[in-house]
Amino acid sequence: MYKIIYPQSLSRVLIVVLAATTRPPVEPFAQDLPHIESVTIDTAGAVIITSDPHISDATCEISEEPTLIIGDNEDDDNHLFSSIRGAGLLSDGSIAAIDRRAAEVRIFDSSGRHVRSIGRSGRGPAEFQDPFILWITPGDTLWVGDYRPWRYKIFTADGEFVRQVSLKPEYPNPSRGGGVLDNGFTVNASFSWPYTRDFSERESLIMEVHDPDGNRAGGPLVLPGSRMGSIRGGPPNYVQRTLWGANPEIDALGSTIAVAHGSRPEVKLVDHDLSMQLVIRWNEPTRSVRRADVRNWRDNLRERRGENWSEDDEARVSPRRPVADNFPVISGVRIGRDGRIWVNRYNLPDERRGWLGFSTDGSFVCHLTETPGYVWEFGSDYVLWESDEGSLTVRKHELKLPL
């Protein structure tokens, strides 16, 4: 279980404070929960930019061959990754990457040569219990999320330990989204699970902002997700979401926090005190879920699982499991190191939809075809992603914008 945060005070922001006793209409960016004061972003007067990507053929391209690969040198054990939990580019072209099982950050120069490792397994100031993700702030400062409890270990790129930032109140588990801003404020999130298991309530993502010393400075912003429940007659402890239910997405980098919900083509950009910067919207037709989509999904799951079919799988395909009326619009949002906003479009059953790129002023830039691996970072002219073809690697590819 994840801890539910009970705030004592709220920061000075452009928000509407909802008392715990109120029951406002549920919307994708604000929902109250029992016993929790919540915050909703006030969009009055905000600049809203709306575009039509579906009628544009502007395309960004990724180089066919990577310009740098980390993890493909079989003669160097430092290239052998058990579990990559974060990667980022330093100002000199070096790549920093976390190996979770080895509990260390590995630095590779621009030619792919391993130059140093930072940290080790342990409970000391410069050691990791479970390094979970990595952010790089100006000056090549490395922020490594570690738990339990969740805190940040800060290092220079040369490997010097700077300090540790522990959150107050404590997060027993990793943050479920967000990141580190250039001013040292961190954005952290935890899940709140429904009290019932009959799909009548939604899970929620509770987002908060903490100052450079770990004190809560803003929020919580309560972002409702999918309805959750257990299938009657199925495994008693197996809880699942509505099939194709939409969920909230957040990211934080530079001076911006991006807040989105999978159900609508919109990203809200706020700063560290939750003051609205910009609303990016785009027109996109709604795609309804058909019976054939559900049937095909169930058949594909049976085929993939094969002899490994389990009681849990039986519950997943149960006709008692609720199905969303419409497919989600997006499945993720990323803020690039240059401030661009990248939206990962939700893949429909018969279509791989890739990414949409938006400029810092909210205007549409390009379509980007689906990347072949998990994207760790977008830069002004590169994409950094993880590939598991053969062995775990971090690959840097050139990113070309439309002329």
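Residues numbered from 1 in each chain as written. Predicted model: local features only at pLDDT ≥ 70, side-chain atom pairs only at ≥ 80, totals over all residues. Heavy atoms only, no water.

J.: Sorry, what's going on with the pattern of salt bridges here?
T.: Opposite charge on two side chains permits them to pair, given that their charged atoms come into close proximity. In the structure shown here, the tally under the stated rule is 21 salt bridges. Here Arg287 and Asp350 are joined by a salt bridge, their closest N and O atoms 3.5 Å apart. Taken as a pair, Arg287 in the loop between strand 22 (276-282) and helix 1 (291-305) and Asp350 in the loop between strand 24 (341-345) and strand 25 (355-358) lie far apart in primary sequence, 63 residues in all. Overall, Arg287 belongs to the partly exposed group, its relative accessible area being 22%. Residue Arg352 pairs with Glu370 through a salt bridge whose shortest N-O separation is 3.1 Å. Here Glu370 lies in the loop between strand 26 (364-368) and strand 27 (374-378) and Arg352 lies in the loop between strand 24 and strand 25, a separation of 18 residues in the sequence. Residues participating in the shared-partner salt-bridge network are Asp99, Glu104 and Arg106. (Salt bridge = Lys/Arg side-chain N within 4 Å of Asp/Glu carboxyl O. Helix = DSSP H or I, 4+ residues; strand = E, 2+ residues; numbered from the N terminus. Buried < 20%, exposed > 50% of the residue type's maximum accessible area, 1.4 Å probe, protein only.)

J.: How do you make sense of the packing of aromatic side chains when you look at a structure like this?
T.: Two numbers describe a pair of aromatic rings. These are the distance of the centres and the angle of the planes. Applying the stated criterion across every chain yields a total of 16 aromatic pairs. Ring centres of Tyr374 and Trp376 lie 4.8 Å apart, and the angle between their planes is 70°; this geometry places the pair in the edge-to-face category. Tyr374 sits in the partly exposed class, given a relative accessible area of 44%. Three or more aromatic residues joined by ring pairs form one cluster here, namely Phe132, Trp135, Trp143, Tyr147, Trp150 and Tyr152. (Phe/Tyr/Trp six-rings, centres within 6.5 Å; stacked < 30°, edge-to-face > 60°.)

J.: Please clarify how the state of the cysteines should be interpreted in this entry.
T.: Disulfide: a covalent bond formed between the sulfur atoms of two cysteine residues. Scanning the model with the defined rule gives one disulfide in all. Here Cys60 connects covalently by a disulfide to Cys366, the sulfurs 1.9 Å from one another. Residues Cys60 and Cys366 are joined through a disulfide that is left-handed, its torsion about the S-S bond being -90°. Here Cys366 lies in strand 26 and Cys60 lies in strand 4 (residues 59-62), a separation of 306 residues in the sequence. No difference in accessibility class separates Cys60 from Cys366, as the two residues are buried. (Disulfide = S-S within 2.5 Å.)

J.: Hey, could you run me through the sheet that holds strand 11 (residues 141-146) in this one?
T.: Through backbone hydrogen bonds, the strands of a sheet pair up, either in parallel or in antiparallel fashion. Reading across the sheet, the four strands line up as 10-11-12-13 and stay open at both edges, with antiparallel pairing between neighbours. The open sheet has two edge strands, strand 10 (131-137) and strand 13 (161-166), and neither has a second partner. Each adjacent strand pair in this sheet contributes to an overall mean axis angle of 20°, direction not counted. Pairing analysis gives five bridges linking strand 11 to strand 12 (residues 151-155), with the strands arranged antiparallel. From the neighbouring strand, Gly145 faces strand 12, where its bridge partner is Tyr152. (Pairing = 2+ DSSP bridges. Axes fitted to C-alpha atoms, helices over the stretch in contact; angles between N-to-C directions.)

J.: Where do I start with the confidence of the model for the chain in this structure?
T.: Detailed reading of the predicted coordinates is not advisable wherever pLDDT falls low. For the chain, the average pLDDT comes to 88, and 89% of its residues sit at 70 or higher. Long-range and interchain partners of residues 1-38, a stretch whose pLDDT sits below 50, account for 98 contacts in this model, where long-range means more than four residues apart. (pLDDT = per-residue confidence, 0-100. Contact = heavy atoms within 4.5 Å.)

J.: I tried to follow the sheet that holds strand 8 (residues 104-108) on my own but got confused; where do I start?
T.: Taken in spatial order, the four strands make up an open sheet running 6-7-8-9, and their pairing is antiparallel. Pairing within the sheet leaves two strands with one partner each, and these edge strands are strand 6 (84-89) and strand 9 (114-118). With direction set aside, neighbouring strand axes in the sheet form an average angle of 20°. When strand 8 meets strand 9, the two strands line up antiparallel, connected through four bridges. Counted as the bridge partner of Phe108 is His114 from strand 9.

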